[in-house]
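Here's the letter readout for the chains.
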Amino acid sequence: MKGWKKTAVLMTAVLAAGLISPDPPKTDVTGFAGINFIPGTLVVSATSSTQQKIDEAEERRKQLENEKNKQENELNQLQGEQKGLRKELNNLNAQLNQVVANLEELEQQIRDKEQEILETQAALEEAEATERWQYECMVERARALYEMQDESYVNALLKEGSIAGVLNAADYIERVAAYERQKMDEYTATRVYIEEQEARLQGEREDLDGLKLQAETEKDKVQGLIRQTANAIADYGDQIADAE
């Protein structure tokens, strides 16, 4: 843009040099040397050569003006596009901050879920151990009761002298066995419940891992767009500097 200003000044000087002579010739009313003198008025009649120079200078001036307008329009367009890219870059940075915050929240949820899984696994191991212990105890007591069953019946008959003693002994054995079965069922239900909770937590952990992967992919995408936009802004900056 600085170049066209210099050219315009030079053309103006050439035009002035072609139209105005430092020592204009003297003349009279007869019109010698192409100058007609009328009292109170000076009229300069240009020759065809001078007129051609004027026309050429005017055409050049118009070309320079058009070039100037074109360069100004291009500069304004570049500046507008650069401004738009800066706005887009700000939006991308805000989007990246949101993605990073979401990713950090997911990572915290995953850590919490892993802790829940560890606690549930520990409870499951305890429930399984308790269930095994209860089963072993139940088997041992059942074996002892059945081994003692006949002897208890005989003792009841000898002690009570009636069938009522035998029935009481049988009822006691049955109630003990029922209690054992009840406790065994309770421990089994507890183990099954804990297993279900562990499966649920593992599923939630897998869901969180999937969300984390999506967030990381989105983060990489936004970071790529930020790099592209920043490079485009730098390119427009170079073009603007060249146009100014």
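Please read all numbers here as calculations on a predicted model, not as lab measurements.

Across its full length, the protein chain holds 3 helices and 2 strands. Listing the helices and strands of the protein chain from first to last along the sequence gives α-β-β-α-α. Looking at the protein chain as shown, the accessible area adds up to about 17600 Å², and 53% of this sits on carbon and sulfur atoms.

Within the secondary structure, Thr229 sits in helix H3 (residues 163-243). A relative accessible area of 7% places Thr229 in the buried class. In terms of polar contacts, Thr229 uses its side chain to reach the backbone carbonyl oxygen of Leu225, at 2.8 Å. Aside from chain neighbours lying at most four places away, what touches Thr229 is Leu85, Glu88, Leu89 and Leu92.

Moving on to the side chain of Gln82. With respect to the helices and strands, Gln82 occurs in helix H2 (residues 48-160). Excluding anything up to four places from it in sequence, Gln82 contacts Ile233, Tyr236, Gly237 and Ile240.

Here the focus is the pattern of salt bridges. Going through the model one piece at a time under the given rule, you end up with 9 salt bridges. Close ionic contact of Glu58 with Arg61 constitutes a salt bridge, the shortest N to O distance being 2.5 Å. A residue pair is termed a helical-turn pair when its members lie 3 or 4 positions apart in one helix, as Glu58 and Arg61 do in helix H2 at 3 residues. For the salt bridge of Asp209 with Arg205, the shortest nitrogen-to-oxygen distance reads 3.0 Å. Within this pair, Asp209 and its partner Arg205 are both found in helix H3, separated by 4 residues, close to a single helical turn. The partly exposed category is assigned to Asp209, whose relative accessible area is 30%. Assessed through its relative accessible area of 22%, Arg205 is described here as partly exposed. Among the ionic contacts, a cluster of salt bridges with common partners joins Lys113, Glu116, Arg200 and Glu204.

Confidence along the protein chain averages 74 in pLDDT terms, with 68% of residues attaining 70 or more. Confidence scores differ between elements of the protein chain, with strand E2 (residues 41-44) showing the lowest mean pLDDT of 44 and H3 the highest of 82. Ignoring residues within four places in sequence, the model shows residues 2-11, a span with pLDDT below 50, making 8 contacts including any to other chains. Counting interchain partners and residues more than four positions distant, the pLDDT-below-50 stretch residues 13-45 has 17 contacts.

Turning our attention to the nonpolar core. Membership of the largest hydrophobic core is limited to 7 residues, which are Leu85, Leu89, Leu92, Leu96, Val222, Ile226 and Ile233. Residue assignment for this core shows that the elements contributing at least two residues are H2 and H3. Looking at this core, the element that brings in the most residues is H2, giving 4 residues. By size, the runner-up hydrophobic cluster in this structure holds 5 residues, among which are Leu103, Leu106, Leu208 and Ala215.

Time to look at the environment of Glu119. With respect to the helices and strands, Glu119 occurs in helix H2. The exposure class assigned to Glu119 is partly exposed, which follows from its relative accessible area of 47%. Sequence separation between Glu119 and Glu198 is 79 residues; the distance between their C-alpha atoms is 9.4 Å.

The next point concerns the environment of Gln98. Here Gln98 is to be found in helix H2. Residues Gln98 and Lys219, 121 residues apart in the sequence, show an inter-C-alpha distance of 9.4 Å.

Criteria and cut-off values
- Residues numbered from 1 in each chain as written.
- Predicted model: local features only at pLDDT ≥ 70, side-chain atom pairs only at ≥ 80, totals over all residues.
- Heavy atoms only, no water.
- Helix = DSSP H or I, 4+ residues; strand = E, 2+ residues; numbered from the N terminus.
- Areas by Shrake-Rupley, 256 points an atom, 1.4 Å probe, with all protein chains shown as cover.
- Buried < 20%, exposed > 50% of the residue type's maximum accessible area, 1.4 Å probe, protein only.
- Polar contact = N/O pair within 3.5 Å; in protein donor to acceptor, adjacent residues only side chain to side chain.
- Contact = heavy atoms within 4.5 Å.
- Salt bridge = Lys/Arg side-chain N within 4 Å of Asp/Glu carboxyl O.
- pLDDT = per-residue confidence, 0-100.
- Core = buried A, V, L, I, M, F, W, Y, C linked by side-chain atoms within 4.5 Å.

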